[in-house]
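Structural features, examined
The chain contents come next:
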Amino acid sequence: MSEVAVIGAGHVGAAVANALVLLRTCDVVTIYDRDAARAEGEAWDIADAIPLLAQMEIRPTGDLADLRGADVVVITIGATVTTGQSRLDVLGANAGIIAGVARELDAVCPDAVVLLVSNPVDVLTRVALEASARPAARVIGCGTVLDGARLRQRLGRLLGVEREDVHAYVVGEHGDSAFPVWSSATVGATPLRDVELPDGVSLAQIQDEAAAATRLRGRSIHERKGFTSYGVAAAVARIVRAVVRDERRLFMVSVKAPERYRLGPVVLSLPSVIGAGGVERHLPLSLSADERALLERSAAILESAYRSLAS
Ligand SMILES: NC(=O)c1ccc[n+]([C@@H]2O[C@H](COP(=O)([O-])OP(=O)(O)OC[C@H]3O[C@@H](n4cnc5c(N)ncnc54)[C@H](O)[C@@H]3O)[C@@H](O)[C@H]2O)c1
């Protein structure tokens with residue numbers, strides 16, 4: 001029996017729990033919040049969908065000890081980024097909360113894969129990693145999975161091809177310094193630079209438009225509804241499914257950068273094969289000189305955010 005726990009029954013936690021049910025990702029979803037009534041309200045609302053959909057169970061709780069059977073724990077608690085704030089602005093408030101939860105989870109479910117969603121997700125994944133005795137492969141952040149989905153969707157539209165045939169990835173910080181790896185982007189097996197473009201449009205224009213749309217998307221949603229939830233919830237559910245079903249699927253998730261990148265102890269999104277053990281393998285990333293500089297810049301921003309916690 002597979003069990004997934006969601007910590008936090010706010011906008012994101014509730015949307016994640018709902019996505020796990022809609023996508024029939026596991027047998028049991030446990031949803032925890034320090035506000036137990038909120039966890040109950042969300043769990044009961046989602047539970048009403050179950051008889052229409054699948055044989056599953058959703059359990060609310062206000063006690064972290066109830067997460068003991070979890071195979072995967074998704075962490076969504078913390079102060080949310082408000083309009084005009086960057087993800088790094090809320091770091092100080094969330095770091096203490098996340099470190100405490102990571103330690104508690106070590107006692108409750110030491111073998112679970114822990115998936116961070118709370119922002120700034122890369123730095124908080126590092127905070128959780130440092131606080132926890134869990135192997136690094138079992139502490140990951142949802143990183144730029146959503147950014148990549150946004151990029152492929154926009155590129156597919158601009159190029160007039162199905163987005164699933166667009167292979168383009170966003171790496172680095174889940175934030176302003178994230179960037180698409182254009183040098184290896186393809187449509188099917190055709191390098192992006194060789195793809196025939198719509199009349200009157202250059203490749204640079206298409207890349208600029210797709211990158212800008214990807215970068216600004218979260219902010220545009222925030223300005224209109226005050227938070228984001230459904231997109232990230234679907235991204236999280238896909239990562240969780242890869243763990244629960246040992247899919248060995250490739251995601252750009254927040255991981256401790258492998259030595260070969262020579263980026264230091266930073267956590268940021270890099271190509272990672274996700275399965276039952278969390279990160280099963282890191283795949284090498286080929287970068288142009290400009291992209292290498294962008295990755296180093298992203299790592300430097302995240303390193304300085306992490307160091308700011310100590311000061
Ligand atoms: N990584 C991503 O792509 C992404 C996308 C959207 C939001 N987020 C992040 O997810 C987080 C949650 O956002 P939200 O909109 O759901 O916020 P929210 O305010 O709606 O929900 C937060 C929930 O956490 C609970 N909580 C707070 N501190 C707690 C604690 N110490 N113990 C237990 N429960 C606690 C609150 O009771 C609340 O229910 C934020 O950090 C946000 O920035 C990340």
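Each value, and the rule that gives it
- Residues numbered from 1 in each chain as written.
- Predicted model: local features only at pLDDT ≥ 70, side-chain atom pairs only at ≥ 80, totals over all residues.
- Heavy atoms only, no water.
- Phe/Tyr/Trp six-rings, centres within 6.5 Å; stacked < 30°, edge-to-face > 60°.
- Lys NZ or Arg CZ within 6 Å of the ring centre and 35° of its normal.
- Near = heavy atom within 4 Å.
- Polar contact = N/O pair within 3.5 Å; in protein donor to acceptor, adjacent residues only side chain to side chain.
- Areas by Shrake-Rupley, 256 points an atom, 1.4 Å probe, with all protein chains shown as cover.
- Helix = DSSP H or I, 4+ residues; strand = E, 2+ residues; numbered from the N terminus.
- Nonpolar A, V, L, I, M, F, W, Y, C, P; charged D, E, K, R; others polar.
- Buried < 20%, exposed > 50% of the residue type's maximum accessible area, 1.4 Å probe, protein only.

Digging into the packing of aromatic side chains
Within this structure, the stated rule accounts for zero aromatic pairs. Between the NZ or CZ atom of Arg-126 and the centre of the ring of Tyr-306, over which it lies, the distance is 3.7 Å.

Brief notes about the site of the ligand
Around the ligand, 23 residues are found, and the nearest of them are His-11, Val-12, Asp-33, Thr-76 and Val-117. At 2.6 Å, a side-chain N or O of Asp-33 approaches an oxygen atom of the ligand. Between an oxygen atom of the ligand and a main-chain N or O atom of Asn-119, the distance comes to 3.1 Å. Relative to its unbound accessible surface of 870 Å², the ligand loses 88% to contact with the protein. At the level of secondary structure, the elements contributing two or more residues to the shell around the ligand comprise α1 (11-22) and α4 (91-108). Looking at the shell around the ligand, its residues break down into ten nonpolar, ten polar and three charged.

Observations concerning unusual backbone geometry
Along the chain, Asn-119 connects to Pro-120 via a cis peptide bond; the corresponding omega equals -5°. Relative to the assigned elements, Pro-120 resides in the loop between β5 (113-116) and α5 (121-131). With phi around 50°, Arg-24 is a residue other than glycine that occupies positive phi space. With respect to the helices and strands, Arg-24 occurs in the loop between α1 and β2 (28-32). Under the relative-accessibility criterion, Arg-24 is labelled partly exposed at 46%.

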